[in-house]
Amino acid sequence: MKDLKISNDVLHLYRRAGFGGLPDRDISIKKALSQLFHDSENFTPIETVSKESEPPLMSEGMMSPDPDAVKKEKMKKNREEIRELNLAWMSKMAKAETILRERMSLFWHGHFACRVQDSAFVQSYLNTIRKNALGNFGEMLMAVSKEPAMLQFLNNQQNRKNKPNENFAREVMELFTLGRGNYTEKDVKEGARAFTGWGFNTKGEFEFREKVHDSDTKNFLGKTGNFQGEDIIKILLEQKQTARFITAKIYRNFVSEIPDEKRIADLSEDFYKSGYNISQLMHNIFTAKWFYDDASKNMLIKSPVELVIGIQRTLNADFINKDPVLYIQKVLGQILFYPPNVAGWPGGRNWIDSSSLLFRMQLPNLMAGVTTQKIQAKESGDVNDQTVKKKGENSKIDVDWDQWAKRFETIDNQKLPDFLCGTLLAVKPAPTVMAVITGKETAVADRTQYIRKLTLAIMGLPEYQIS
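Summarised in this report is the structure supplied together with it. Everything quoted here is computed from the prediction, not taken from an experiment.

## A short note on the pattern of salt bridges
Taken as a whole and judged by the stated rule, the model has 22 salt bridges. In this structure, glutamate 306 and arginine 103 form a salt bridge, with 3.6 Å as the shortest nitrogen-oxygen distance. One end of the pair, glutamate 306, is in helix H15 (residues 304–315); the other, arginine 103, is in helix H4 (residues 99–111), and 203 residues separate them in sequence. Of the two residues, glutamate 306 and arginine 103, neither departs from the other in class, the shared state being buried. For the salt bridge of glutamate 261 with arginine 244, the shortest nitrogen-to-oxygen distance reads 2.2 Å. Here glutamate 261, found in helix H12 (residues 261–273), pairs with arginine 244, found in helix H11 (residues 240–254); they are 17 residues apart in sequence, far enough to count as distant. On the basis of relative accessible area, glutamate 261 is assigned to the partly exposed category, the value being 44%.

Okay, here's the thing in structure tokens:
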């Protein structure tokens, strides 16, 4: 019993840093943190997209490739490969030991939001944010900014000396570093001039095209020089506002939607002094007394991916058929690699409306195979719709319910509802809700089935949407 009762602090840490998975037994916060960081030290790239070029498609009866058919087939192939990347990353999040690395990568995917149709570009972008997720922010910023996916998404391939495109420079400042209001339109124009020539070649590699670069003097954030793109990023990292902007965003995603200016100022000062060490920033947050003391009043709404992965992590289960994963993402409004815009997903309370909450509450039973889906993904014209629309059936995961029930074999039946609520929920349900959960079971003939029903009932509560 002693080891079964995991402390609220450890459960809180795992909800925020580990998708809600459960440690095998109770451990101290110090050991839990050490384990999370240690398990995420190693990086293994996800490689489902072949880099080998495909032979040109020949239409039947024709001697030369049909350009339209080739283009159509290439788009189809890219969609299928991005889908495979999506599933591979979801599987990594659900099953790999690198929980903290994947959780941080999900955050950075929202921060460096990017949506392109070239699957090789997407794969390279994904592995760049996963590789740097707990490393140095400056190195990640530079690497992501040179990703062909980002350069294409933000139109920098078209940014030339005689025809500058400001989109890339603007978003680097507004969304990636300083935040709106901390630069001028003049800085945007001068930054765009410095980024002229940044592009990619036909092999999907970053390329500096000197002939289209503006090599004249620029004035950027109070500095003057013959700046190139690397200089602009270096100057942005010199600004303490960059550390504060990133720290505040991480605070909202891992601590509370309500910012605490004093805490953010202290954290960002240390983040800046560390040279943008992300692991150190996260360690400072997860070891702060206020992170645990204020847990009960700093509720965060789980993103759709967090919700799905959390159920899988908790029950140590994977989808039998992978296709429904995309359907669930579509219904709940978070398809990986298809953010709604360059600002990423708005998050917070925007994750939930009346229809999505209903589906969220049905999801545990749907994933357990108890019910079938009754909600259709909305039509939007999204390229994934044709793949996703009819894939909602058979959304079953392979739960070993005997193994799950064994975890609670020493808990009395009468204490099980409270014990499971304490383990699975960040906030205890009202007594009336608990009465509904426990009231239907007056006799327990099959204990495994009893625990299964209780678990799914608790996971189907509005309280389970909170981390």
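The structure having been displayed, the exposition proceeds.
## Let's talk about helix H1 (residues 8–17)
Most of H1 sits inside the fold, with eight of its 10 residues counted as buried. Of the positions making up H1, those classed as buried are Val10, Leu11, His12, Leu13, Tyr14, Arg15, Arg16 and Ala17. Residues of H1 that are buried make contact with helix H2 (29–39), H4, H11, helix H13 (278–286), helix H14 (289–293) and helix H20 (416–424). Immediately beyond the C-terminal end of H1, within one or two residues, lies phenylalanine 19, with a positive phi of roughly 60°.

## Structural notes on the nonpolar core
Trp108, Phe137 and Phe286 are the most contacted members of the largest nonpolar core, which has 137 residues in total. If we ignore the near neighbours within four places in the chain, the residues touching tryptophan 108 are Ile129, Ala133, Phe137, Met140, Ile246, Ile250 and Ile278.

Parameters at a glance
Residues numbered from 1 in each chain as written. Predicted model: local features only at pLDDT ≥ 70, side-chain atom pairs only at ≥ 80, totals over all residues. Heavy atoms only, no water. Salt bridge = Lys/Arg side-chain N within 4 Å of Asp/Glu carboxyl O. Helix = DSSP H or I, 4+ residues; strand = E, 2+ residues; numbered from the N terminus. Buried < 20%, exposed > 50% of the residue type's maximum accessible area, 1.4 Å probe, protein only. Contact = heavy atoms within 4.5 Å. Core = buried A, V, L, I, M, F, W, Y, C linked by side-chain atoms within 4.5 Å.

Honestly, that's just the spatial picture; any functional story needs more than this.
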